[in-house]
Structure formats: structure tokens, C-alpha cells
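Residue-level listing of the chains:
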Amino acid sequence: MNREQKRLVFALLLAAMLLTAMTACAAPSESSRPIAESEPPVEGTSEPRLPDDQPSESGQPYAALVERFYTLVSDPYGFEDIAAYGEFGVIEAARAMEDKALDALGYTIEDISGDGVPELVVGTLPEHGGQVNAVYTLVDGQPQFVFEGWYRSSYSYLGDGRFFYYGSSSASETGRGFYTLTRDGTALTCEEFYFIHAVDGDVSDIRVYYNTTGSWDIAVSKETELSPEGFWAWEPPHHALPLTPFSSYAAEHTAGGPVRVQWAELQLPGIAGYEEFAADDGEYAADVLFAAGRAVTDFELIRLTIREVYDDGTFSYAAEPVYSLERLTPEQPLVVRMAFPGDIPAYGISYVDESGDGMTHHFAVEISGEDGSLLLREIY
């Protein structure tokens, strides 16, 4: 499927979802909320589907979701279908942002419901609108979808677990409301919901209605004295969530994750303290700095030798541990004196990223042929 075909598929999906929302809102129940039918009921139904590769490690249950959203933002046309709840708004926003998508969209993992369990929030950065596109929480240590937003059904964060909703159910109906995450973070509850309605379809007779259920039905709502002009002008101040842009996530995953490497003489004057190890000595040895953006465990300097050469000219490595640290922290980097005998890397590092995916990662230390800087390339 080429890009134009995928554009058409996405447009048809968007039209279908909006049509579903409009049809569903024509005669909603009193408990309905101003979000599209793609959000599952909170109680009494099956759980929403998540990507199949959700991790079971209790330390990093959101790792696969973050990776999935990074993939969607990197290539929002590269999907065959929308696999899970929460992805529609992210894909829509990424396509609208085009080349800016990785800088404009981001994520944060923090406890916004106040129950001590962190939520995953994905959305646009404040300078790009500050919309909340997807929220997940943990139930029994596993991610559970909570709600999603997109252009025609959007949410922004107000702070203290509260969200402001802005959306439309048809060409003549627009709603705004205040919602709060339940204490356990698994659902939104409506505090106040206001919507405009054209009486008998007459757009010259627009009235504002109110309820506390999120219903678009005037039969279960009260007419207010708020003017349409006042309704349109009303928007509360938003709270800026500290989102990490997906461009930073990309840089971390393509440049050694949370650990960076550089020539030590470029950095040593500004370091208060560091570990030292001499793997080599002599004329061709140089000091190399390994610094962690966040703490990693089971850090090892490894000596690399070629294990197997493949037909395409690539090869695999055998790794021999040379030096190890229980933890490499931002406060205490490591300086290694090591040699670079040729184009094939002689050394690498490995570590466990407990605040990332919890896996052991192995990298070769290489010299860039472009500018002579040091690089980390993941080898397995």
C-alpha cells in the first residue's frame, strides 16, 4: 500500500469514526460522554485492545507502548490499520505536524490521578497546542487504556487530574466540559458539560445547555443563560505537562540510550568526580568518557572480537567483560583509557536500563568517519 492509498484509508477511517460519533450522539443515553464511540464503556465490558507486545515486567510496563507511539509519530503513514485505542489522535496529529511531528508530540509517565500509580500521557507539547491524545494507567501492573482525544474531540490538561474537553457531535453542536480522572486513574468522570444546540435545526436560534453527565441530549439537560458568544469565548488556562518529545526518545535510542560517549578531554574540566579504568596504555590510547543521562545498572566495558562474518559483509561479535560497575549514574561517570587499533571496534559497553525497557543492551564504541566523534552503535 503506497502513501496515497494510506492517506485515503485514513480519510475513510476518519469519516467513519466521525459519522459513528454523530450517529451515536443523536440519541445518547444519560450516561454518555462527549467523546466518540471509539472509547469503550468504563464498566461492564471487555477491556480495550492494546498492542500485542505489551511487556509484563512490573518495572517498565509502558515501554512497548512508548515504542509503539514513537513508531507511529515517526511514520504516521506507515500503518495498515489502527491497532489499538489511543492511536487515532496521535496519528492524526503527527500527520498534521508533518516534519515537525517528532518535536511536536511527546509523552510523560507520572501520577496524575494521585493514587501513587503513574499514568502514561501522550500528546502535543504546549507550543504545539497542548492537546492530550491518549492516557493509560496500570491495572495489576499492566497498561489499561483510559481515554483518547483528537482534533474534533480534544482534551487539554488543567492540573490535579482534571481535563478540559472541547469537541463537536455535528455541524451545529459543540461541547465544552470539565472532566476528572477517578482516583484509581481508570476512567473520566464528568463535572460540568456545556453544549450549544440549534433549536429545531434553526441555526439562528442557538442555545447553551448544561448537565453533569456529559450527555448531548437536551431532554436531560438544562438551558442556561450563557450566550453563544460567551460559550465560544470560554476557555480555562491549561497546565503544561512536562512531555518528553519523541525526537529526544529517538536520539536516545539511536545514540546509545541513556548512556553517551565522548572524548574525555572535551568534558573532564567540568566533572567533579568520576571512576577511572585503564584498559590500554601506550601511544595510541586515549581517555574516553561514558556518562549516564539516568542511572543504569550492571554496566560493563566489554572487549569485542569478530565471531562470524556474513555474506553481506556484516559480522557478529563475541564480548568479553573487562570492567564492571554495579551502577553508572549521572553524578559519577566513568573514564576509560582505551585504544582504537583499526576500523573494527575493539571495545563496547553493556548495561541494563531499568527505567527503560529493563533489557540488557550491548553497544560497540566507534569513531565517526565524518567528524571524528565517538559513537555508540547497538550490536545486540
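As the structure is a computational prediction, the values presented were derived from the model and not from experiment.

About the thresholds
Residues numbered from 1 in each chain as written. Predicted model: local features only at pLDDT ≥ 70, side-chain atom pairs only at ≥ 80, totals over all residues. Heavy atoms only, no water. Axes fitted to C-alpha atoms, helices over the stretch in contact; angles between N-to-C directions. Helix = DSSP H or I, 4+ residues; strand = E, 2+ residues; numbered from the N terminus. Left-handed = near helix turned anticlockwise from the far one by under 90°. Contact = heavy atoms within 4.5 Å. Nonpolar A, V, L, I, M, F, W, Y, C, P; charged D, E, K, R; others polar. Buried < 20%, exposed > 50% of the residue type's maximum accessible area, 1.4 Å probe, protein only. Polar contact = N/O pair within 3.5 Å; in protein donor to acceptor, adjacent residues only side chain to side chain. Phe/Tyr/Trp six-rings, centres within 6.5 Å; stacked < 30°, edge-to-face > 60°.

Novice: I'd like a rundown of the packing of helix H2 (residues 63-74) against helix H3 (residues 87-97), residues and numbers included.
Specialist: Running from N to C, H2 and H3 point in directions that differ by 35 degrees, and their axes come no closer than 8 Å. The interaxial crossing formed by H2 with H3 has right-handed handedness. Of the residues in H3, those in contact with Arg68, Phe69, Leu72 and Val73 of H2 are Glu87, Val90, Ile91 and Ala94. Of the residues in the contact of H2 with H3, the class split is six nonpolar, no polar and two charged.

Novice: Give me the lowdown on the environment of Thr124, citing residues and values where you can.
Specialist: Along the chain, Thr124 falls in strand S2 (residues 119-124). Since its relative accessible area comes to 3%, Thr124 is described here as buried. Distance in space between the C-alpha atoms of Thr124 and Ser156 is 9.6 Å, their sequence separation being 32 residues. For Thr124, the side chain forms a polar contact with the main-chain nitrogen of Gly130, separated by 3.2 Å. Of the polar contacts made by the side chain of Thr124, one reaches the backbone nitrogen of Gln131; its length is 2.8 Å.

Novice: Could you give an account of the packing of aromatic side chains, naming the residues involved and the relevant values?
Specialist: Overall, the coordinates contain 25 aromatic pairs when judged by the stated rule. An angle of 75 degrees between the planes, with centres 5.2 Å apart, marks the rings of Phe193 and Trp216 as edge-to-face. In this pair, Phe193 is assigned in strand S8 (residues 188-198) and Trp216 in the loop between strand S9 (206-211) and strand S10 (222-223), connecting sequence segments 23 residues apart. A single burial state applies to Phe193 and to Trp216, both of which are buried. Arranged with centres 4.9 Å apart and planes meeting at 45 degrees, the rings of Tyr194 and Tyr210 form a pair that is tilted. In this pair, Tyr194 sits in strand S8 while Tyr210 sits in strand S9, placing the two residues 16 residues apart along the sequence. Judged by its relative accessible area of 15%, Tyr194 falls in the buried class. With relative accessibility at 24%, the residue Tyr210 sits in the partly exposed group. In this structure an aromatic cluster arises from ring pairing among Phe147, Tyr155, Tyr157, Phe163, Tyr165, Tyr179, Phe193, Phe195, Tyr209 and Trp216.

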